[in-house]
Amino acid sequence: YKGTDEAAILQLVTSRSNAQRQQIKAAYKTLYGKDLVHDLKSELSGKFEKLILALMMPPVIYDATELRNAIKGAGTDEKVLIEILASRTPEQVREIIAVYKREFDKNLEDDVTGDTSGYFERLLVILLQASRQQGVDAGKVEQDAKDLFAAGEAKVGTDEEKFINILGNRSFEHLRKVFEAYMKLSGYEIEESIQRETSGSLRSLLLAVAKCARSVPAYLAECLYHSMKGLGTDDHTLIRIMVSRSEVDMLDIRAQFRRMFAKSLHHMISVRPVTSSDAHKCCSETPASPDVTDQVM
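In this report, we go over the structure that sits alongside the text.

About the thresholds
- Residues numbered from 1 in each chain as written.
- Predicted model: local features only at pLDDT ≥ 70, side-chain atom pairs only at ≥ 80, totals over all residues.
- Heavy atoms only, no water.
- 1 Å grid on protein atoms, 1.4 Å probe; cavity = no way out; pocket = protein on both sides within 12 Å on 5 of 7 lines; lining within 4 Å.
- Points joined across faces, edges and corners; volume = space filled by probe spheres on them.
- Helix = DSSP H or I, 4+ residues; strand = E, 2+ residues; numbered from the N terminus.
- Nonpolar A, V, L, I, M, F, W, Y, C, P; charged D, E, K, R; others polar.
- Core = buried A, V, L, I, M, F, W, Y, C linked by side-chain atoms within 4.5 Å.
- Buried < 20%, exposed > 50% of the residue type's maximum accessible area, 1.4 Å probe, protein only.
- Contact = heavy atoms within 4.5 Å.
- Phe/Tyr/Trp six-rings, centres within 6.5 Å; stacked < 30°, edge-to-face > 60°.
- Lys NZ or Arg CZ within 6 Å of the ring centre and 35° of its normal.
- Axes fitted to C-alpha atoms, helices over the stretch in contact; angles between N-to-C directions.
- Parallel < 35°, antiparallel > 145°, perpendicular 65-115°, else oblique.
- Left-handed = near helix turned anticlockwise from the far one by under 90°.
- Expected span 1.5 Å × (residues − 1).
- Arc of directions from axis to C-beta.

1. Focus: the layout of surface pockets
Phase 1 of the analysis: Estimated volume of the largest pocket: approximately 520 Å³.
Phase 2 of the analysis: Residue lining of the largest pocket: 19 residues in total, with K50, L53, A54, M57 and T65 positioned closest to the centre.
Phase 3 of the analysis: Those elements giving two or more residues to the lining of the largest pocket turn out to be helix 2 (18-32), helix 3 (36-43), helix 4 (46-56), helix 5 (59-71) and helix 16 (235-245).
Phase 4 of the analysis: In terms of residues, the lining of the largest pocket owes the most to one element, helix 4, which gives five residues.
Phase 5 of the analysis: Here the residues of the lining of the largest pocket sort into nine nonpolar, three polar and seven charged.
Phase 6 of the analysis: Empty space within the second largest pocket amounts to approximately 380 Å³.
Phase 7 of the analysis: Around the second largest pocket, the lining is made up of 16 residues, and of these K79, S204, Y219, C223 and H226 lie nearest the centre.
Phase 8 of the analysis: Every element with two or more residues in the lining of the second largest pocket is listed here: helix 6 (78-87), helix 14 (200-214), helix 15 (216-228) and helix 16.

2. Observations regarding the nonpolar core
Phase 1 of the analysis: Grouped together as the largest cluster of nonpolar side chains are 67 residues, with contacts concentrated most on L205, L224, F257 and L265.
Phase 2 of the analysis: No other element matches the nine residues that helix 14 contributes to this core.
Phase 3 of the analysis: Discounting residues that sit within four places of it in the chain, L205 has contacts with I82, A86, F120, L123, L124 and L127.
Phase 4 of the analysis: Counting residues in hydrophobic clusters, the runner-up holds 17 residues, among them F48, L51, Y62 and I239.

3. Notes on the packing of aromatic side chains
Phase 1 of the analysis: Following the criterion strictly, the structure yields six aromatic pairs and no others.
Phase 2 of the analysis: When the ring of Y225 is compared with that of F261, the centres are 3.9 Å apart and the planes differ by 5 degrees; the resulting orientation is stacked. Placement of Y225 in helix 15 and of F261 in helix 17 (residues 250-261) is noted, with a sequence separation of 36 residues between them. You'll find Y225 and F261 in the same group, each marked buried.
Phase 3 of the analysis: An aromatic cluster of at least three residues, connected via ring pairs, comprises Y225, F257 and F261.
Phase 4 of the analysis: Lying across the ring of Y188, R196 places its NZ or CZ 4.2 Å from the centre.

4. Thoughts on the packing of helix 9 (residues 118-128) against helix 14
In a pair of packed helices, the angle between the axes and the distance between the axes together describe the arrangement.
Phase 1 of the analysis: Between helix 9 and helix 14, whose axes approach to 8 Å, the crossing angle comes to 30 degrees. It follows from the interaxial angle that helix 9 and helix 14 lie roughly parallel. The chirality of how helix 9 crosses helix 14 is left-handed. Together, Y119, F120, L123, L124 and L127 of helix 9 and S201, L202, L205, L206 and V209 of helix 14 make up the contact between the two elements.
Phase 2 of the analysis: In the contact of helix 9 with helix 14, the residues fall into nine nonpolar, one polar and no charged.

5. Observations regarding helix 10 (residues 138-151)
Phase 1 of the analysis: Taking 1.5 Å as the rise per residue, helix 10 with 14 residues should run 20 Å; its terminal C-alpha atoms sit 21 Å apart, in good agreement.
Phase 2 of the analysis: Where helix 10 is concerned, the buried positions are V141, D144, A145, L148 and A151. The arc enclosing the buried residues of helix 10, seen along the axis, measures out at 135 degrees, which places them on a common side.
Phase 3 of the analysis: Summarising the contacts, the buried residues of helix 10 are in contact with helix 11 (160-169), helix 12 (172-186) and helix 13 (190-197).

Here is the structure:
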């Protein structure tokens, strides 16, 4: 057979859940004695190849691979480190660390610290400990809000250490209470103060953590919007979020996207001049696992 029926590949891959795709990979090897991913890689190219190969990976391996690719080689893709480590649960982070070690025979924390520096590195390391406190400590809410205010708006300069310790170690539920108390105390949303009081990669990471504490789907909806607005498309971010969240919280991301930007995620992907041909297909064809049928767009 000559040529590749990309439409058939897309239909098959996107109409199955990730667990079913893993079964298909195993059955393919049993029937044909060949690796399905290797064969797909040899037949496909460009963004479509990236999309299909991403969909064929188990989610935790995909996250670990994205982190590895963000770190290895010249330079560091800080956007990937920020997005994944800020938005994943402590349990997911621990699983990613274990898979990273198994797949690449490397320590994720060592790789991160080898490629980053300063307060940005320190907050990433805290997130990699995956040891956020559980629940809300009512006795600490007001004090945390006061400490954040004293560390930033109330003084000349910024005590970054205090921001890092509180946003890196408290539970998201606790942080939401702290942000409410902070608003009453200071008259500012915490994101406003982070924007004013910090800069560079640390600012981006603190903002991501604060936004994820409020709502991970809203944070990822914003990431998707920024990946597509303006000229050109950040295909890497678009593919990564659509694939990694397709069976997690895509319905919530879609709802948040419409609420925040007054347009549907489906429409915004559809009208992209280049990316729409690949990502929009992925989003229109939906995994057929329970409760996922409507989740990829």
